[in-house]
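Fold and geometry: a report
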Amino acid sequence: MNISAPAGATAFPTIASASADIAAKKLSPVELTTHLLARIKTVDPVINAFLLVTEERALADAKAAEARMMAGTRIGPLDGIPIAHKDIYNTAGIRTTAHSRQLEHNVPAADATSVAKLAAAGTIMLGKLATHEFAFGGPSFDLPWPPARNPWNPLHFTAGSSSGTGAAIAAGLILGGTGSDTGGSIRGPAALCGIAGIKPTYGRISRAGILPLAYTLDHSGPMAWTVQDCALMLQAMAGYDKADPAASTKPVPDFSATLGNGVKGLKIGVIRHFHETDNPVSPATLKGINDAADLFRSMGAEIQEITLSPMQDYGACGFLIMIQEAYALHEKWMQNSFEKYGELLRDRMGLAAFLTGADYMQAIRKRRELCLEMAAAIAGVDIFLTASQPMEAPLIDAVPKWAAFEKPNFTMPFNVTGYPAISICSGYGTGGLPVSIQLIAKPFEETKLFGVADAYEKATDWRSQRPAL
Amino acid sequence: MPTKTTRVDFDALVRRAGLTLTEDQIATFHGAFGYIETMLENIRRPVRGREAEPALTFDPEGFQ
C-alpha cells in the first residue's frame with residue numbers, strides 16, 4: 001500500500017521536517033496534500049480513521065498555503081501542514097457527529113476555537129476523525145460508522161476516545177491532529193498507536209466549540225508522531241479564550257524552548273506502585289518504564305520513588321465525576337432517545353442515572369484531597385513517570401464492556417488533578433505492537449514536560465519504525 | 001459483579017431516573033451496579049469533617 005512521497009518530502013514527514021522543507025520551498029503543500037489524500041483512499045478503508053474526508057477544503061487550504069510559501073509570507077511553522085480533527089470539534093459548515101447517531105446530520109455554524117486557531121496558523125484540514133461515541137463509549141460496532149482500527153495490526157484496538165487521530169497519525173495519513181482527554185482519551189490512543197499525545201494543563205487550551213463530555217475533566221490537546229510536533233501544535237492551540245469559562249489567563253510560553261536541552265539536574269519521580277501493584281503492566285511496558293528511568297539517570301537526572309494513594313482512589317473519584325457530569329449533559333436524550341446511542345455508551349454512562357447529588361459532592365470532596373496529595377508529592381520533583389496503558393493493544397473484538405470499571409487506568413489521576421501529561425512510545429512488545437510511558441509535570445509546566453519527553457525520544461530509535469501498511 | 005442493591009430497590013432507582021428500559025437493559029444496569037457501589041464506598045473514605053470543602057468552589061469574581 002505504499003504510495004510514493006511527494007518530491008522533497010521524506011517517506012513519512014513529520015510536522016517539523018515538512019515545515020522546514022516548505023520553508024525552503026523544497027516541498028509543495030499541494031503535492032503533500034494530494035499525496036496524503038491518495039494515501040487516505042488506499043489505507044483508510046483498512047483502519048477507518050476518517051469519518052469524513054474534506055478533499056475540496058483541503059485542496060483549497062493547500063493552494064492558499066502554497067501561495068503564501070511562494071510569496072514569502074508564510075504564517076509560521078504550521079503553514080501548509082495537513083491535519084484533521086476529532087469529530088467532536090465543531091467545524092463550520094462541516095458535519096460534526098461525535099460518531100453518534102444522535103448527531104448524525106449535525107452541521108455546526110462556527111468552528112471550535114482551537115479549530116479556528118489551527119486554521120489561522122495555516123494548517124490544511126483533511127477531514128474529521130473517528131472517536132468513541134461522544135468521546136466515551138467504544139469500540140462500538142453498532143454506530144453509523146465503524147470503529148477505528150490499529151495501523152500496527154488492524155485486528156487490534158486503538159484505545160480511545162481519540163481513536164481516529166491516533167490511527168491516522170500512526171498510518172501516516174495526517175501529520176498531526178486534535179484529540180480530547182477526559183480520562184485518557186489522548187494518551188490512550190497515543191500509547192496503543194505508538195505516537196505522541198499531550199493532555200496539557202486544564203485550561204491551557206480553550207474547550208469552546210468542542211462537544212463536552214465532563215466539564216471539569218475535559219482537556220483538548222494535540223497528537224502527532226513526535227514530541228516536537230506536539231509542541232508546535234500546542235503553540236497554536238493554547239491561550240486564553242473568553243468563550244471558555246475554564247480557560248487560563250496565564251501567558252503562553254515558547255513550548256519548544258527546552259527541546260534539545262536534555263534532563264541533566266532534573267528530578268524524576270517514578271510512581272512505581274501505579275504500574276507494579278495497582279494495575280500491574282505487561283513485561284514490555286514495565287521494561288519500557290524501567291529502561292526510561294535508567295536512561296534519564298544516565299543522562300544526569302535524579303530518579304526518586306513516589307508514593308500516592310492507590311490508583312483505584314483516583315479512578316473512582318474521576319470516573320464518578322465523569323459519568324455524572326456526562327449524564328447531566330445527556331439526560332434528555334437518555335430519557336427520550338435511549339436507543340439511538342450505541343450499547344457501550346448508554347450502558348456505561350447510563351449508570352450515572354442511578355446516583356445522587358450527594359454521590360457527586362462526595363466525589364469532588366475526594367478530588368480536593370487527591371489534588372492536595374499530588375501537589376505535595378510533585379513539589380520535590382520535576383516530573384512523574386509511570387505507564388500510560390497497561391499493555392499492548394488488545395484485539396478490537398475482545399475489549400470487555402466493563403474493562404474500565406474493573407481496573408483503574410493510568411491516565412485518569414492527571415485528569416482529576418488537571419496536570420499536564422504526555423504519552424510517548426517506549427518500544428514494541430507482543431506482535432510488534434507499541435508500548436508507552438507517561439510523563440507528568442506540574443500545572444502549566446508543559447515546556448519542561450516537552451523537554452524531558454523530547455530528550456527520551458531523541459535518545460531512543462522508536463521513531464524510526466512505522467506500521468507496515 | 002455482585003450488587004448490594006436489591007432488584008426491587010434498583011427498580012425504584014430506574015423509575016426515579018425517568019428512563020424507559022427493557023427488562024434486559026435493567027438487568028444489565030443492575031448487574032454492573034456493583035462496580036459503582038465499590039467506587040461510591042471508595043470516595044467516602046476517609047470519613048470527612050463538615051468543613052472538608054469540595055475541589056470546586058464558587059468564585060464570584062469568575063463572572064466579571
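Just so you know, these numbers come straight off a predicted model, no measurement behind them.

Some points on the overall build of chain A
- In terms of regular secondary structure, chain A is built from 15 helices and 11 strands.
- Relative to a compact globule of 469 residues, whose C-alpha radius of gyration would be 23 Å, chain A shows 20 Å and is just as compact.
- Projected onto the principal axes, the alpha-carbon positions of chain A cover approximately 60 × 60 × 45 Å.
- Within chain A, buried positions represent 64% of all 469 residues.

Structural notes on helix 9 (residues 283-298) of chain A
Residue and element names in this part refer to chain A.
- Counted at 1.5 Å a residue, the expected span for helix 9 with its 16 residues is 22 Å, and the 22 Å between its end C-alpha atoms agrees.
- The complete set of buried residues in helix 9 reads Thr-285, Gly-288, Ile-289, Ala-292, Ala-293, Leu-295 and Phe-296. Take helix 9 and look down its axis: the buried residues cluster within an arc of 165°, on one side only. Helix 9 presents Pro-283, Lys-287 and Ser-298 as exposed residues on the side facing more than 90 degrees away from its buried surface.
- Immediately beyond the C-terminal end of helix 9, within one or two residues, lies Gly-300, with a positive phi of roughly 105°.

Some words on the packing of helix 12 (residues 357-378) of chain A against helix 2 (residues 23-43) of chain B
- Taken N-terminus to C-terminus, the directions of helix 12 of chain A and helix 2 of chain B make an angle of 50°; their axes are 9 Å apart at the nearest point. Looking at the two axes, helix 12 of chain A sits oblique to helix 2 of chain B. Relative to helix 2 of chain B, the crossing made by helix 12 of chain A is left-handed. Contacts between helix 12 of chain A and helix 2 of chain B involve Asp359(A), Gln362(A), Ala363(A) and Lys366(A) from the first element and Leu40(B), Asn42(B) and Ile43(B) from the second.
- Looking at the contact of helix 12 of chain A with helix 2 of chain B, its residues break down into three nonpolar, two polar and two charged.

Let's talk about the pairing of strand 11 (residues 434-441) of chain A
Residue and element names in this part refer to chain A.
- Within strand 11, eight of the eight residues are buried, leaving the element largely enclosed by the surrounding structure.
- Side chains of strand 11 alternate between two faces, with Pro-434, Ser-436, Gln-438 and Ile-440 and Val-435, Ile-437, Leu-439 and Ala-441 buried alike.
- Direction of pairing for strand 10 (residues 421-428) relative to strand 11: antiparallel, over a ladder of seven bridges. Bridge pairing links Ile-424 to Ile-437 in strand 11.
- Once strand 10 ends, the chain turns through five residues before running back antiparallel as strand 11, passing Gly-431 with a positive phi of about 65°.

Quick look at the side chain of Asp44(A)
Residue and element names in this part refer to chain A.
- Mapped onto the elements of the fold, Asp-44 is located in helix 2 (residues 29-47).
- Among buried Asp, Glu, Lys and Arg side chains, Asp-44 stands out as unpaired, with Arg-39 the closest opposite charge at 9.8 Å.
- Within the structure, the side chain of Asp-44 is placed 2.7 Å from the backbone nitrogen of Ala-49, a separation counted as a polar contact.
- Once you skip the residues sitting within four places of it in the chain, Asp-44 turns out to touch Arg-39, Ala-49, Phe-50 and Leu-173.

Details of the interface of chain B and chain A
- On the side of chain A, 37 residues touch chain B, which itself brings 31 residues to the contact.
- Buried area between chain B and chain A, both sides added, is near 3,000 Å², and the carbon and sulfur share of it is 65%.
- Applying the counting rule to chain B against chain A returns two salt bridges.
- The partner of Asp359(A) in a salt bridge is Arg44(B), with the nearest N and O atoms 2.6 Å apart.
- Seen at the junction of chain B and chain A, the total is 14 residue pairs in polar contact (both at pLDDT 80 or more).
- Mapped onto the side of chain B that touches chain A, the elements with two or more residues apiece are helix 1 (7-17) and helix 2 of chain B.
- Counting residues per element, the side of chain B that touches chain A draws most heavily on helix 2 of chain B, which supplies 11 residues.
- Looking at the side of chain B that touches chain A residue by residue, the class counts come to 19 nonpolar, six polar and six charged.

Quick word on the state of the cysteines
Residue and element names in this part refer to chain A.
- Within the structure shown, the criterion is met by zero disulfides over all chains.
- The structure places no disulfide on Cys-230, whose sulfur is separated from the nearest cysteine sulfur, that of Cys-425, by 13 Å.
- With a relative accessible area of 0%, Cys-230 lands in the buried category.
- Counting only cysteine sulfurs, Cys-317 is the nearest neighbor of Cys-371, a cysteine outside any disulfide, at a range of 7.7 Å.

Things to note about the confidence of the model for chain A
- With 98% of its residues at a pLDDT of 70 or more, chain A shows a mean pLDDT of 97.
- The secondary-structure element of chain A with the lowest mean pLDDT is helix 13 (residues 403-406) of chain A, recorded at 89, while strand 2 (residues 82-86) of chain A shows the highest, at 99.

Observations regarding the sheet that holds strand 10 of chain A
Residues and elements named next belong to chain A.
- One open sheet holds the 11 strands; their spatial order is 1-3-2-4-6-5-10-11-9-7-8, and the pairing between them is mixed. Either end of the sheet is taken by a strand with one partner, and the two such strands are strand 1 (50-53) and strand 8 (302-305). Going from strand to strand, the sheet's axes swing by 30° on average, the running direction of each strand aside.
- Two elements, strand 1 and strand 3 (residues 124-129), share three bridges in a ladder whose sense is antiparallel. Bridge pairing in strand 3 links Val-53 to Gly-127.
- Each of strand 7 (267-270), strand 8, strand 9 (383-386), strand 10 and strand 11 touches helix 9; the most contacted strand, strand 11, lies at about 50° to it.

Here we look at the environment of Ser282(A)
Residue and element names in this part refer to chain A.
- Summarising the element assignment, Ser-282 is placed in the loop between helix 8 (272-278) and helix 9.
- As for Ser-282 and Met-391, which are separated by 109 residues in sequence, their C-alpha atoms are 5.0 Å apart.
- If near-sequence neighbours (up to four positions away) are discounted, Ser-282 is found in contact with Pro-390, Met-391 and Glu-392.
- For Ser-282, the side chain forms a polar contact with the side chain of Thr-285, separated by 2.9 Å.

What counts, and where the lines are drawn
Along each chain, residues carry numbers from 1 onward, in the same order as the chain's sequence is written. For this description, chains carry letters from A and ligands carry numbers from 1, given in the order in which they are written. Selection of residues for local features in this predicted model requires a pLDDT of at least 70, selection of side-chain atom pairs for listing and counting requires 80 or more, and totals for whole chains, interfaces and linings are taken over all residues. Water and hydrogen atoms were dropped before computing side-chain values, which therefore reflect all heavy atoms in the structure. The numbering of helices and of strands both runs from the N terminus, where a helix is a DSSP run of H or I of at least 4 residues and a strand a run of E of at least 2. Each radius of gyration reported is based on C-alpha atoms, and the globular scaling rule is 2.2 Å times the count of residues to the power 0.38. A 1.4 Å probe rolled over the protein chains alone gives each residue an accessible area, and that area as a share of the maximum for its type sets the label: buried under 20%, exposed over 50%, partly exposed in between. Here, expected helix span is obtained from the residue count minus one, scaled by 1.5 Å. As used here, the arc belongs to the directions running from the helix axis to the C-beta atoms. Angles run from 0 to 180 degrees between N-to-C directions of axes, and those axes are lines fitted to C-alpha atoms, restricted for helices to the stretch in contact. Just so you know how the angles are binned, under 35 degrees is roughly parallel, over 145 roughly antiparallel, 65 to 115 roughly perpendicular, and the rest oblique. Left-handed describes a crossing whose near helix is turned anticlockwise from the far helix by less than a right angle; the clockwise case is right-handed. Throughout, a residue-residue contact means that at least one pair of heavy atoms, one from each residue, lies within 4.5 Å. Each residue receives one of three labels: charged for Asp, Glu, Lys and Arg, nonpolar for Ala, Val, Leu, Ile, Met, Phe, Trp, Tyr, Cys and Pro, and polar for the others, Gly being one of them. Pairing between strands is defined by DSSP: at least two bridges between the two strands are required. Charge counting follows a simple rule: Lys and Arg are positive, Asp and Glu are negative, and His as well as the terminal groups are ignored. Should a side-chain nitrogen of Lys or Arg be within 4 Å of a carboxyl oxygen of Asp or Glu, the pair is scored as a salt bridge. Definition of a polar contact: a pair of N or O atoms within 3.5 Å, with one able to donate and the other able to accept a hydrogen when the atoms are protein atoms, and with sequence-neighbouring residues admitted only if both atoms are side-chain atoms. Buried surface area refers to the total accessible area, computed with a probe of radius 1.4 Å, that the two partners give up upon joining, counted for both partners together. Defined by distance alone, a disulfide is two cysteine sulfur atoms within 2.5 Å. Think of pLDDT as the predictor's per-residue confidence, scored from 0 to 100.

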